[in-house]
Amino acid sequence: MTDFAVGIAGVETIDHDVAHVHVHEHEHEHEHDEPAGIYKWLTSTDHKVIGLSYTITSLVMFVIGGFLAELIRIQLTSPNATFVSFAEYNQLFTMHGSLMIYLFVGPFAFGGLANIIVPLQIGAPDMAFPRLNALSYWLYLSGSITMLLGFVVAGGAADFGWVGYAPLSNAIYSPGAGADLWIAALLLTGFSAIFTGVNLCATIFYLRAPGMTMFRMPIFTWNMLATGILILLAFPVLTAGLIMLYCDRHFGTHIFTVQGGGVPVLWQHIFWFWGHPEVYILALPFFGVVTEVIAAFSKKPVFGYKGMVFATITIAALSLGVWAHHMFTTGVVLLPFFSIMSLLIAVPTGIKFFNWIGTMWGGHVRFTAAMLFAIGFLVTFLIGGLTGIYLASPPLDFFTHDTYFVVAHFHSVVLALVMGGMAGLYYWGPKITGYLLDERLGKIQFWLFFIGANVMVMPQYELGLLGMPRRVASYIHDPEWATLNQWATVGAVMMGVSTIFFLVNIVYSWKRYPAGDNPWDAQTLEWFTTSPPPHHNYYALPPIRSERPTWDYHHPDARSLVHGTSHDAAHPEAAT
Amino acid sequence: MLVAAGGLKFGPLHAVGYSRRVPQPTRRTGDAGGVTRSARRWGVGLLVLAPLVLSGCSLSTFGADPSPTTTGRETFHLWQGFTIGAIVVGAITLSLIIYAAIHFRAKRQHEDSVPRQTQYHLPMEITYTVIPIIIVFVLFAFTIVVENAVTALPSVSKDNTIGVQAFQWGWRFTYPGFTIVGETTQDPILEMPEDENVRIVLTSLDVVHGFYIRQFNFSRYALPGVINPFTFNAQRTGTFFGQCTQLCGLYHSLMWFRVKVVTPADYTAWLSMQQARAATLSASAAGQAVQEQTSAGVPIRPDYGGGTN
Ligand code: HEM
Ligand SMILES: [Cu+2]
Ligand SMILES: [Cu+2]
């Protein structure tokens, strides 16, 4: 046992990059000269502090965005409600979608969870560029405030949908300041995302601890590498498009307007060239989260680890070539190419499902709140994934495009992602704060959310087939749709109540249940350090000889992995 | 699924999964043969029966409309096929998820032990990679066939070529010699003959709109600066509801129209009547304005939804 823990000094002699960083750590080891309190928070470049700020801010955006969604759902409970006006309704769904996509899921995933967990998982003392990391956060916060300011300016917030299609988003059809704030917000948060992408890639490529080879990285880190690369490829395109849109609005260019010789569809190409990879920028992190959670709570290694890594890379690569499946009904894109590319994404996604099932198979599955959320993710994402296959088929997309079928499809997906996020919080929260969240409240939260999510989307699929278009404030022509819409609202309210349970849980569990270093008997490196980790993350590292060094350390007898049917006799149910 | 499997044990899946040729210390080896046989029966039964049972209600629409148009009908059948596939794949995957989670839940006697640390199983991994690829190419093949039918542009007579221009917030239907215009809830009527190819030539006069006819199972964007042609062939007469599906500003929710399919004889009669009327009207100065009122006289932009803010 004694040779398992290798001191930092030993580490230094092995690897130049890491050695450099660790020397740095020694210089700063005395934390008493660090600023404290609010000043510490304002000036911190510690990835854990920044990551926590990101997590909290993005959860605030989730709560606000969810509140807007409840208002939308109230309006839709009757065919011709006057709860909000048409104009207000357009602002509501635009800001709901924008908050959720731009300010919640992405920043929560790569600014929050990944920022905190990736350096810990690979044994790095911090992100590669800590100051850039801080800049990311402050850009994100200012962008978020900028977007919300739309509600207080004359004319109200942006109201052209979260996709801002030209020419509706130009100065003639959307003259208000809300639209400009929306663009400015996306520029700010866009740069924030790009910087985080740079940081993730650099950290993962250059700051891995000795022994942490690429194929020993946990799946979450792999997925964040793929996410980081996608961010770098996709976000600059959106940023460029937004600048063009701004020029059209204020500097007299005609890039997206027919009158001056421009091409409105170009906006859609630019937007979705970012927008589809964005779907995977949002999804891949949570694929990673549930992979880790399922492995930990099944007490098993990730099944088909290498296949899963290749599946992730394949998804990332394919996702760059499918953007026009959002434009099938424009009539100006090559249908078969984008159709087959989109269908093919189902293959690596399917592989992941079998990896997850295979990980549980033969394990000891523990139904903690985190694990319940992970299973809720699997079920809900399965529904969203299957309905996504329809949309990859152009004739079926012609049939369902811009109806509630699509709203239901992507809410199956994004609500699954929210469950993945919650799984991550229940799982890693103790590592970040040092305290566990209450499991009973967590389970209530889970069941309310899981049932609520599906009670909301199922009627919406049906409404879509009946022909209800998305983004409508009234359906006066079809009053018989009211019942289905009311069911959807019931689901939305359940999710709202679930979120209240979550907030209550945070308050209730505050400093209540000390976690210890590894409360779940989890396997990856981050569970080796203290909870919360010290300033530069590790006092000592275990030897890293597989992708689960903490497990190897705690279960020396059950270390080796079974490859297929070989080795079998050597590994009966091993007991520690 | 769990219930539907009836008397068949779930043990077989475990066998297929990992232990087909692996004697497991914790299991009676005698099980292996029977288990594998019932696994096959279970699997084959499911694969063969599910589509049959499901399409046994081969009239089941799975929520979609069988559509009056030829192409809408093909889309509808594609929908049915995709749905059968989705139900089979979804049911299998869902049962595996639920089965794995529940069957392998940790029990008290597991507290201080660890399960077998299985990580790779190449034959399984190849299987679950190859099968989805095959499914995808089958789906793609069907997609291509239907897509070619839906986007085909057979030649049509001049009388059957109708221009459609979307604008904030209404529709303008241009026939040879006259135009029909209506805003929001006025529901302008797009008249077309039954059992003949009709060409719609779609464009927008301002922002992007969506031209969508529910029961035709079809929509297409109306894009400014782009002319989008497509074809319908309706197999029965009737009136069908159409609506803008792409957000186009304030009155997007009310941007309605109707499609009226009539017999070819009625269509020809209607055309010449409208043409004659248009000719007389354009003789008078006020004609142009009146012509725009050919639809029912519902007031434009009524006070729906709490007004305009
Ligand atoms: C609390 C749970 C949620 C509820 C009740 C909800 C409800 C809704 C409703 C009613 C709409 C309007 C649909 C329409 O009018 O077309 C909508 C749109 C949308 N939602 Fe959600 N939603 C929820 C969570 C989320 C999450 C977590 C995300 C993303 C991560 C999300 C992303 C979107 C987007 C992108 C739109 C489209 C906005 C647009 O049309 O421009 N929603 N949601
Ligand atoms: Cu996409
Ligand atoms: Cu519209």
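Residues numbered from 1 in each chain as written. Chains lettered and ligands numbered in written order. Predicted model: local features only at pLDDT ≥ 70, side-chain atom pairs only at ≥ 80, totals over all residues. Heavy atoms only, no water.

> Tell me about the overall build of chain B, and please be specific about residues and values.
Broken down by element type, chain B carries 6 helices and 11 strands. Split into buried and exposed, the 309 residues of chain B put 51% on the buried side. A fraction of 67% describes how many contacts in chain B between residues 6 or more apart in sequence connect residues 24 or more apart. (Helix = DSSP H or I, 4+ residues; strand = E, 2+ residues; numbered from the N terminus. Buried < 20%, exposed > 50% of the residue type's maximum accessible area, 1.4 Å probe, protein only. Contact = heavy atoms within 4.5 Å.)

> Residues and numbers for the coordination of the copper ion (ligand 2), please.
Residues and elements named next belong to chain A. Here the copper ion (ligand 2) is held by the protein donor atoms His276 (ND1), His325 (NE2) and His326 (NE2), which lie 1.5 to 2.0 Å from it. Taken in chain order, the donor set of the copper ion (ligand 2) reads H-x48-H-H. Taken together, the residues histidine 276 in helix H9 (residues 264-298) and histidine 326 in the loop between helix H10 (305-319) and helix H11 (335-360) connect sequence positions 50 residues apart. No difference in accessibility class separates histidine 276 from histidine 326, as the two residues are buried. (Donors = N, O, S within 2.8 Å, 3.2 Å for Na, K, Ca; no water.)

> Tell me what's going on with the pattern of salt bridges, and back it up with residues and numbers.
The full count for this structure, using the stated rule, is 6 salt bridges over all chains. Across the pair B:Arg214 and A:Asp478 runs a salt bridge whose closest N-O atoms are separated by 2.8 Å. Taken together, the residues span two chains, with B:Arg214 in the loop between strand S7 (209-213) and strand S8 (218-222) and A:Asp478 in the loop between helix H15 (439-466) and helix H16 (482-508). Under the relative-accessibility criterion, B:Arg214 is labelled buried at 13%. (Salt bridge = Lys/Arg side-chain N within 4 Å of Asp/Glu carboxyl O.)

> Quick one: what's the story with the interface of chain A and chain B, residue by residue and with numbers?
In this complex, chain A contributes 108 residues to the contact, which on the side of chain B involves 93 residues. Across the chain A to chain B interface the summed buried area is about 8700 Å²; carbon plus sulfur atoms make up 68%. Together, A:Phe86, A:Trp361 and A:Phe399 form the three largest contributors to the area buried by chain A at its contact with chain B, with a combined 10%. Summed over the shared surface of chain A and chain B, the result is 1 salt bridge. Our count for the chain A to chain B interface comes out at 19 residue pairs in polar contact (both at pLDDT 80 or more). Considering each element in turn, the side of chain A that touches chain B owes the most residues, 15 residues, to H11(A). Grouping the amino acids of the side of chain A that touches chain B by side-chain chemistry returns 61 nonpolar, 33 polar and 14 charged. (Buried area = accessible area lost by both parts, 1.4 Å probe. Polar contact = N/O pair within 3.5 Å; in protein donor to acceptor, adjacent residues only side chain to side chain. Nonpolar A, V, L, I, M, F, W, Y, C, P; charged D, E, K, R; others polar.)

> Let's hear about the coordination of the copper ion (ligand 3): which residues, and what values?
Protein coordination at the copper ion (ligand 3) comes from B:Cys244 (SG), B:Gln246 (O), B:Cys248 (SG) and B:His252 (ND1), with a distance range of 2.2 to 2.6 Å. Around the copper ion (ligand 3) sit 4 donor atoms, and with donor-metal-donor angles ranging over 85 to 126° the site reads as tetrahedral. (Tetrahedral: all angles 85-135°; square planar, octahedral: opposite > 155°, others 65-115°.)

> So what's going on with unusual backbone geometry? Which residues, and what values?
A:Ala166 connects to A:Pro167 through a cis peptide bond whose omega is 0°. Across the junction of B:Gln168 and B:Trp169, the peptide omega takes the value 0°, indicating a cis bond. With respect to the secondary-structure elements, B:Trp169 resides in the loop between strand S2 (161-167) and strand S3 (170-175). Despite not being glycine, A:Asp402 shows a phi value in the positive range, around 60°. Checked against the element boundaries, A:Asp402 lands in the loop between helix H13 (394-400) and helix H14 (404-433). Of note in the backbone geometry, A:Arg471 takes a positive phi value of approximately 60° without being a glycine. Relative to the elements of secondary structure, A:Arg471 occurs in the loop between H15 and H16.

> How would you summarise the sheet that holds strand S11 (residues 256-262) of chain B if you had to cite specific residues and measurements?
The strands that make up a sheet pair up through hydrogen bonds in the backbone, lying either parallel or antiparallel. All names here are of chain B. Here we have 5 strands laid out as an open sheet, ordered S5-S11-S10-S7-S8, and mixed in their pairing. The open sheet terminates on both sides in strands that have one partner only, identified here as strand S5 (189-193) and S8. Each adjacent strand pair in this sheet contributes to an overall mean axis angle of 25°, direction not counted. Bridge analysis of S7 against S8 gives 5 bridges, and the strand direction is antiparallel. Within S8, the residue paired with glycine 210 across the bridge is tyrosine 221. Each of S5 and S11 touches helix H5 (residues 264-283); the most contacted strand, S5, lies at about 130° to it. (Pairing = 2+ DSSP bridges. Axes fitted to C-alpha atoms, helices over the stretch in contact; angles between N-to-C directions.)

> Which residues make up the site of ligand 1, and what values go with them?
All names here are of chain A. Taken together, 24 residues surround ligand 1, and among them His96, Val105, Trp162, His411 and Arg471 come closest. Between arginine 471 and ligand 1, the recorded distance is 2.6 Å, taken from a side-chain N or O atom to an oxygen atom. Grouping the amino acids of the shell around ligand 1 by side-chain chemistry returns 17 nonpolar, 4 polar and 3 charged. (Near = heavy atom within 4 Å.)

> Account for the pairing of strand S10 (residues 238-244) of chain B, with residues named and values stated.
A regular strand places its side chains on the two faces of the sheet in alternate fashion. Residues and elements named next belong to chain B. Across the 7 residues of S10, 5 count as buried, placing the element largely inside the fold. Where S7 lies against S10, 3 bridges are found, and the strand directions are antiparallel. Residue pairing in the sheet places phenylalanine 211 in a bridge with cysteine 244 of S10. Sheet analysis places S10 next to S11, joined by 6 bridges and oriented antiparallel. When the bridges of S11 are listed, threonine 239 appears paired with lysine 260.

> I'd like to hear about the sheet that holds strand S6 (residues 198-204) of chain B, residue by residue, with values.
Residues and elements named next belong to chain B. Strands sit in the order S4-S3-S2-S6-S9 across an open sheet of 5 strands; the sheet is mixed. The open sheet has two edge strands with one neighbour each: strand S4 (178-183) and strand S9 (228-232). Between one strand axis and the next, the sheet turns by 20° as a mean value, whatever way the strands run. Sheet topology places S2 next to S6; 6 bridges connect them, and they run parallel. Pairing of alanine 166 across the sheet is with serine 204, part of S6. The strands touched by H5 are S2, S3 and S4; relative to S4, the strand with the most contacts, the crossing angle is about 90°.

> Describe in detail H5(B), supporting the description with residues and values.
All names here are of chain B. Compared with the 28 Å implied by 1.5 Å per residue over 20 residues, the 29 Å span of H5 between its first and last C-alpha is a close match. Every buried residue of H5 is listed here: Tyr267, Trp270, Leu271, Gln274, Ala278 and Leu281. Burial along H5 is one-sided: seen end-on, the buried residues are contained in an arc of 105°. Away from its buried face, by an angle of more than 90 degrees, H5 presents the exposed residues Ala265, Thr280 and Ala283. (Expected span 1.5 Å × (residues − 1). Arc of directions from axis to C-beta.)

> Summarise the confidence of the model for chain B; cite the residues concerned and give the values.
All names here are of chain B. Within chain B, residue pLDDT values average 79, and 72% of them lie at 70 or more. The secondary structure element of chain B with the lowest average pLDDT is helix H1 (residues 11-19), at 31, and the one with the highest is S7, at 97. Here residues 51-57 scores under 50 on pLDDT; set against residues more than four positions off or in separate chains, the count is 8 contacts. Every residue in residues 289-309 scores below 50 in pLDDT, and together they form 48 contacts with partners more than four places removed in sequence or on other chains. (pLDDT = per-residue confidence, 0-100.)

> How would you explain the packing of helix H4 (residues 47-75) of chain A against helix H5 (residues 86-122) of chain A if you had to name every residue and give the values?
Residues and elements named next belong to chain A. For the pair H4 and H5, the least separation of the axes is 7 Å and the interaxial angle reads 155°. Overall, the two elements H4 and H5 adopt an arrangement that is roughly antiparallel. Considering the relative orientation of H4 and H5, their crossing is left-handed. When the residues that make up the contact of H4 with H5 are grouped by side-chain class, the tally is 25 nonpolar, 11 polar and 1 charged. (Parallel < 35°, antiparallel > 145°, perpendicular 65-115°, else oblique. Left-handed = near helix turned anticlockwise from the far one by under 90°.)

> Account for the layout of surface pockets, with residues named and values stated.
Residue and element names in this part refer to chain A. In this structure, the second largest pocket encloses a volume near 1000 Å³. Considering the residues around the second largest pocket, the lining is formed by 35 residues, among which Leu52, Ile56, Ile432, Thr433 and Trp510 are closest to the centre. Every element with two or more residues in the lining of the second largest pocket is listed here: H4, H14, strand S2 (435-436) and H16. If one sorts the elements of the lining of the second largest pocket by residue count, H4 sits on top with 9 residues. The class makeup of the residues in the lining of the second largest pocket is 22 nonpolar, 6 polar and 7 charged. (1 Å grid on protein atoms, 1.4 Å probe; cavity = no way out; pocket = protein on both sides within 12 Å on 5 of 7 lines; lining within 4 Å. Points joined across faces, edges and corners; volume = space filled by probe spheres on them.)

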